[in-house]
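Analysis of the macromolecular model
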Amino acid sequence: MSSEQIPFIRPAFPSPGEIAADFADIAASNWYTNHGPVERRLADALAAYIGQGAHATTSASGTTALVAAVTALLGQGDRSRYVVMPSFTFVAVAQSVLWCGYRPLFIDVDELTLQPSLAAGAEALQRYGKGIAGILLCNTFGVGNPSIQDWETLAQADGVPLIIDSAAGFGSHYGAGEPLGARGNCEIFSLHATKPLAVGEGGAVAAKDADLIARIEAIQNFGFDGRDSAALGFNGKLAELPAAIGLRQLATLDARIATRRAVLERFRVEFTPLGLTFQPNAEQSSLCFASVLCPSAEVKARITSLTATAGIGCRDYYNPPIHRQNFFATNPDGWAATELSSTEDVCARIVSLPLHDDMAAADVTRIVDVVRAAGR
Ligand SMILES: *Cc1c(COP(=O)(O)O)cnc(C)c1O
C-alpha cells in the first residue's frame, strides 16, 4: 500500500503558464482591479452559468459577500434583533451577521438532509416575531436544500428577507436544470481555494433582482455612487488576476464536477451497506468533499482513527458547531438558540472524506478500503 498522503482538499488551479498569460494581458491593459474588464466578464459568466434571469457580482471573499448582502437587505442593526441561521455551518455565517449589528439565532438541522430544519425555522419565527430581522439559510456543504421552496414561502409569509449561503455550492443544483444562485433574495458563493470553483480568495453574490446586485456591488466599493460615498460600504472587490483564474476555472467546472460525482457514486455504493448515509441532492452538487453520516459515534471514531493511520486527510465539518466555538461559548449574550439536539447528534456522527477533481482510482480505492474496514 502506498504511504503517500491523500490530502483532505486538493485544489485544482490553472497551470502557471495560463496564469502568466492572463497576467500579461492584465499588465498590458494597466487595469488591475476596481471592476476591470476581466472581473466584469467573470460576473457576467457566473450569471450566465446560473441562468434563470440571475444577475451576479463578485467579491473579495464569501464573507465580504455575506456582509454586503446582509447590509443591503437588512441595513445596520443595533444588536437588538436576530438573524435565523443554523449552528451547523461555517463560523463566517454568524460572524458576518455580528459585524452587521445583528445577533445569530441558531436553529437545529434536519438529521436526514443536514439542512436547517424548516420546522425549527417556523418555530423561531413564531417565537421571536418582530425580533427577527431575516433568515440566513445555509445550503449545507454546498448541497441544494430540497425544501428551498418551503423556505421561500415561510420567509415571504413572515415578510423577512431570505439570504442563502451557498458558499461551497457553485455548480450544485436544487433539481434538474436549476443551478443554485436564483433563490431567496440572493445567494452568496465563496471562491476560496478550498471550494470547487476556486480563485484563491474570492466570492460572489447572485440574485434575480438587478437593483439588489447593484446595491451590493456599491457596498463592496465604499458605498460609492459615482465618486460620492452615498452608503456605508467597505472594500470587498475582486481583483483582475483572481477574476481571470475564475474564468478559467468556470470553463472546466462541469467536467471537474462530473469526476467528483463519479467518486461520490462509488462511495455511495460501497458505504450505504455499512449504514453510512449521504445528503439528498449530494449527487447533483459540486462536492467540496464527501460528507457521510455514520450510524454511530463509534463508527465515526474508527473512521477518523483508521484514515489518520492510513495518511488519508479526513475532517468532521462542522464540528464543533458555531455555538460551541470559543468566541460564541464565552459570549453567550451575543446570540440565542432554540433546541439544538440534532445538531449535537449530527456533530457526533459526521465525517467528511476527501473527494478531488480527477481523483486517482487508487486513491479512491484506498479510502473505500479503510472506511469499509472501519464500518464493519
Ligand atoms: C467557505 C464558507 C464561507 C466563507 O467563505 P470565504 O470565501 O472563505 O470568506 C461562508 N460560509 C460557508 C458555509 C462556507 O463554507
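This write-up is about the structure you can find in this document. Each residue is numbered by its place in its chain's sequence as written, counting from 1. At least 70 in pLDDT is required for a residue's local features to be given in this predicted model, at least 80 for side-chain atom pairs to be given and counted, and no such filter applies to totals for whole chains, interfaces and linings, which use all residues. To obtain the side-chain values, all non-hydrogen atoms of the structure were included, while hydrogens and water were left out.

Another aspect to go through is the overall build of the chain. Numbering goes from the N terminus for both helices and strands, where a helix is a DSSP run of H or I of at least four residues and a strand is a run of E of at least two. When you go through the chain residue by residue, the secondary structure sums to 12 helices and 14 strands. Only C-alpha atoms enter the radius of gyration; for comparison, a globular chain is expected to reach 2.2 Å times N to the power 0.38, where N is the number of residues. On C-alpha atoms alone, the chain measures out to a radius of gyration of 21 Å, which is about the 21 Å that the 2.2 N^0.38 rule sets for 376 residues. Dimensions of the chain, computed from C-alpha atoms along their principal axes, come out at roughly 65 × 55 × 40 Å. Note on classification: 1.4 Å probe, protein chains only; a residue is buried when its accessible area is under 20% of the maximum for its type, exposed when over 50%, partly exposed between these limits. Counting the 376 residues in the chain, one finds 56% classified as buried. In the chain, of all internal contacts separated by at least 6 residues, the share reaching a separation of at least 24 is 72%. Whether two residues are in contact is decided by their heavy atoms: any pair within 4.5 Å suffices.

What follows concerns the packing of helix α1 (residues 16–29) against helix α8 (residues 240–271). For any two helices packed against each other, one specifies the inter-axial angle together with the distance between the axes. Axis geometry follows a simple rule: fit a line to the C-alpha atoms, using only the stretch in contact for helices, then measure angles between N-to-C directions, giving values from 0 to 180 degrees. Contact geometry for α1 and α8: axes closest at 10 Å, N-to-C directions at 135°. Regarding the angle of α1 to α8, the classification is oblique. The hand of the α1/α8 crossing is right-handed. Across the interface between the two elements, Glu18, Ile19, Ala21, Asp22, Phe23 and Ile26 of α1 pack against Glu240, Leu241, Ala244, Ile245 and Arg248 of α8. Its residues placed into classes, the contact of α1 with α8 shows 7 nonpolar, no polar and 4 charged. Geometric relationships in this document are graded by angle, where less than 35 degrees denotes roughly parallel, more than 145 denotes roughly antiparallel, 65 to 115 denotes roughly perpendicular, and other angles denote oblique. It is the rotation of the near helix from the far one that decides the hand of a crossing: anticlockwise by less than a right angle makes it left-handed, clockwise makes it right-handed. Polar here means any residue outside two lists: the nonpolar Ala, Val, Leu, Ile, Met, Phe, Trp, Tyr, Cys and Pro, and the charged Asp, Glu, Lys and Arg; Gly therefore counts as polar.

Definition of nonpolar core: a set of buried residues of the types Ala, Val, Leu, Ile, Met, Phe, Trp, Tyr and Cys, connected through side-chain atoms within 4.5 Å. In this structure, Leu46, Ile135 and Phe170 are the most contacted members of the largest nonpolar core, which totals 45 residues. Within the second largest apolar cluster, 35 residues are counted, among which are Val70, Val83, Leu98 and Ala207.

So, about the pattern of salt bridges. Any carboxyl oxygen of Asp or Glu that lies within 4 Å of a side-chain nitrogen of Lys or Arg is treated as forming a salt bridge with it. The final tally for this structure, using the stated rule, is 19 salt bridges. For Asp22, the salt bridge is made with Arg248, and the minimal N-O distance between the two is 2.8 Å. Taken together, the residues Asp22 in helix α1 and Arg248 in helix α8 connect sequence positions 226 residues apart. What makes Asp22 buried here is its relative accessible area of 13%. Take Arg248: its relative accessible area is 28%, and that puts it in the partly exposed class. Here the salt bridges do not stand alone but share partners, grouping Glu18, Asp22 and Arg248 into one network.

Here we take up the side chain of Ser190. Checked against the element boundaries, Ser190 lands in strand β8 (residues 186–190). Ser190 sits in the buried class, given a relative accessible area of 8%. We call two N or O atoms a polar contact when they sit within 3.5 Å, provided that within protein one can donate a hydrogen and the other can accept it, with sequence-adjacent residues counted only if both atoms are side-chain atoms. A polar atom in the side chain of Ser190 sits 3.1 Å from the backbone nitrogen of His192. Those residues in contact with Ser190 that sit more than four places away from it in its chain are Gly62, Ala167, Lys195, Leu197, Gly202 and Gly203.

This next bit is on helix α12 (residues 361–375). Every α-helix winds through 3.6 residues per turn, so residues three or four apart in the chain are directed the same way. The length a helix should cover is 1.5 Å for every residue beyond the first. The end-to-end C-alpha distance of α12, which contains 15 residues, comes to 21 Å, matching closely the 21 Å that a straight helix rising 1.5 Å per residue would cover. Those residues of α12 that sit buried are Asp363, Val364, Arg366, Ile367, Val368, Val370, Val371, Ala374 and Gly375. Buried residues along α12 sit in contact with α8, α9 (297–309) and β14 (350–353).

Gly62, Thr63, Asp165, Ser190 and Lys195 are the nearest of the 13 residues found near the ligand. One of the backbone N or O atoms of Gly62 is found 2.8 Å from an oxygen atom in the ligand. Between an oxygen atom of the ligand and a side-chain N or O atom of Lys195, the distance comes to 2.7 Å. Here the Shrake-Rupley method, with its probe set to 1.4 Å, supplies the accessible areas, and only the displayed protein chains count as covering residues. Against a free-state accessible area of 380 Å², the protein chains account for coverage of 89% of the ligand. Of all the secondary-structure elements, those providing two or more residues to the shell around the ligand are α3 (62–74) and α4 (92–99). For this purpose, a residue is taken to be near a molecule or strand whenever a single non-hydrogen atom of the residue falls within 4 Å of it.

Judged by how many residues are buried, strand β9 (residues 203–207) sits mostly within the fold: 5 of 5 residues are covered. Burial along β9 is two-sided: Gly203, Val205 and Ala207 and Ala204 and Ala206, pointing in opposite directions, are all buried. Summarising the sheet, strand β1 (residues 55–59) and β9 pair through 5 bridges and their orientation is antiparallel. Bridge pairing links Thr58 to Ala204 in β9. Being paired, for any two strands, means DSSP has found at least two bridges between them. The pairing of β8 with β9 spans 4 bridges and is classified as antiparallel. Pairing of Ile188 across the sheet is with Val205, part of β9.

This part is about the sheet that holds β1. In space, the 8 strands of this open sheet follow the order β1-β9-β8-β5-β4-β2-β3-β13, with mixed pairing throughout. For this open sheet the edge positions go to β1 and β13 (336–337), each flanked by a neighbour on one side alone. Of the strand pairs in this sheet, strand β2 (residues 82–86) and strand β4 (residues 132–138) are connected by 3 bridges, and their pairing is parallel. Within β4, the residue paired with Val84 across the bridge is Ile135. Sitting on the sheet, helix α2 (residues 37–50) touches β1, β8 and β9, and the angle it makes with β1 is about 135°.

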